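As a plain string of letters, each chain reads:
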Amino acid sequence: MTVLKKAKLLTLSAAKSLGVLGALRRSEWRQNQLLILAYHGVSQDDEHLWHPELFVTPECFARRMQALKQYGCNVLPLNEALEMLWSRTLPPCSVVLTFDDGGCDFYRQTFPILRQYGFPATVYLASYYSCYNRPVFPCMCSYLLWKGRDRVLDVTGITQGSKQFALTTPAARERACQAIQLFAREAKLSAEQKDDLLNMIAERLDVDYETILAKRILHLLSEAELAELGAAGVDIQLHTHRHYAPKTREFFIAELEENRDVIVRHTKVPHHFSYPNGLYEQHLDEWLGSFEVFSATTTEPGLVTKTSNHYKLPRLCDTSFLELIELEGWVSGFSKFLPRKRTAVSQQVPPFYY
Ligand SMILES: [Zn+2]
């Protein structure tokens, strides 16, 4: 744990015991702000051990929801919360729950917990792997290498050239993963060919891939699941089709169109967006506005106020590394005033390119 984090935890504990956090939660100051929480996945198996920033355990997620209830938070649907914020009619201690990418674990793990608490939620769906409902290639590649971390991967015959990767350290696995992805990109492999590549990697590493596939680890929501969730009131919103924001207007709008086409097949027209990998760029404000997008969220931690740029709304990413008291600090608004180590956005949310 860093010195800064230790100091923050001590400050938060002191603020809590002095009643500051509780008082702020109930304050008029906090009432005019909105905390948007961002999650990625809730583990079906050991995904949180592979990637503790992307996945939390179901127990951890349930504890967070219990805490929100205990703090007296008003958990609101995204659209309603933003309209209330902009018209200064928010109830006290408002919170919105958002889930990026649309993993099938949302259907299997997260939604049943949300239902217990009666909490509404927004899923920002990257739709490509909902339509082609196989494992998300870069993520599964990384997961398989982690599963085979006590082995050496020989890529002779499956990628170009012959090379061996010892997979013992995270840095070595990252190098192997990058090399495989680079090969797939340069060889312009189709989705099916990338899927075959995953099979070959699993075989070489002697990983039980059948079981992983049967559990639908690192799969996104199927179209049938999307329809069911939409009918049950889950709000499905935009996150681009291929989890990527092209640099030209034409291709960016095309990504949004493909994304929206999938969503409207199953539920209502989406008007909200979250940036793939949290990467905000100012010129996107106008492009999103022209596509009738009313709001866009980043992964920059903070609380939204009436004056926040509608296309740069801060969100707190809740991960396995966040202590419960840190969440409490953000719920109260107190953590806005604590110093933060500035990290590059790409470090906050790991890349997830298709
Ligand atoms: Zn994402």
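Rules of the game
- Residues numbered from 1 in each chain as written.
- Predicted model: local features only at pLDDT ≥ 70, side-chain atom pairs only at ≥ 80, totals over all residues.
- Heavy atoms only, no water.
- Helix = DSSP H or I, 4+ residues; strand = E, 2+ residues; numbered from the N terminus.
- Rg over C-alpha atoms; globule rule 2.2 N^0.38 Å.
- Contact = heavy atoms within 4.5 Å.
- pLDDT = per-residue confidence, 0-100.
- Buried < 20%, exposed > 50% of the residue type's maximum accessible area, 1.4 Å probe, protein only.
- Donors = N, O, S within 2.8 Å, 3.2 Å for Na, K, Ca; no water.
- Pairing = 2+ DSSP bridges.
- Axes fitted to C-alpha atoms, helices over the stretch in contact; angles between N-to-C directions.
- Parallel < 35°, antiparallel > 145°, perpendicular 65-115°, else oblique.
- Left-handed = near helix turned anticlockwise from the far one by under 90°.
- Nonpolar A, V, L, I, M, F, W, Y, C, P; charged D, E, K, R; others polar.

A. Examining the overall build of the protein chain more closely. Scanning the protein chain for helices and strands turns up 17 helices and 12 strands. Taken against the 2.2 N^0.38 rule, which gives 20 Å for 354 residues, the C-alpha radius of gyration of the protein chain at 21 Å falls within 12% of a compact globule. Each principal axis of the C-alpha atoms in the protein chain carries an extent, and together these give about 65 × 45 × 35 Å. The contacts of the protein chain with a sequence gap of at least 6 include a subset with a gap of at least 24, amounting to 71%.

B. Structural view of the confidence of the model for the protein chain. On average, residues of the protein chain score 94 in pLDDT, and 96% of them reach the 70 mark or higher. Confidence drops under a pLDDT of 50 for residues 345-352, and excluding neighbours within four residues, the segment shows 25 contacts in the predicted structure.

C. Molecular detail of the side chain of Ser335. With respect to the helices and strands, Ser335 occurs in the loop between helix H16 (324-332) and helix H17 (345-348). Here Ser335 falls in the buried class, since its relative accessible area comes to 5%. For Ser335, the contacting residues outside a window of four places in its chain are Leu12, Glu326, Gly329, Trp330 and Arg340.

D. Structural view of the environment of Thr305. As for its placement among the helices and strands, Thr305 is situated in the loop between strand S11 (295-297) and strand S12 (316-317). Along the primary structure Thr305 and Asp261 are separated by 44 residues, whereas in three dimensions their C-alpha atoms are 31 Å apart. Residues in contact with Thr305, not counting those within four places in the same chain, are Asn32, Gln33, Leu85 and Lys336.

E. Focus on the coordination of the zinc ion. Within the protein, the atoms that donate to the zinc ion are Asp101 (OD), His239 (NE2) and His243 (NE2), at distances of 2.0 to 2.2 Å. On the primary sequence, the residues serving as donors to the zinc ion are separated as D-x137-H-x3-H. Note on His243: relative accessible area 2%, which makes it buried.

F. The arrangement of the pairing of strand S5 (residues 94-101) in detail. Extensive coverage of S5 is indicated by the burial of 8 of its 8 residues. Note: strand S4 (residues 74-75) against S5, 2 bridges, orientation parallel. In the sheet register, Asn74 faces S5, and the bridge partner there is Ser94.

G. Representation of the packing of helix H5 (residues 58-70) against H16 in the model. Following both chains from N to C, one finds H5 and H16 inclined at 40°, their axes separated by 11 Å at the closest point. Classified by the interaxial angle, the pair formed by H5 and H16 is oblique. Judged by the twist between their axes, the crossing of H5 over H16 is right-handed. Touching Arg64, Ala67 and Leu68 of H5 are Leu324, Leu327 and Val331, all from H16. By residue class, the composition of the contact of H5 with H16 is 5 nonpolar, no polar and 1 charged.

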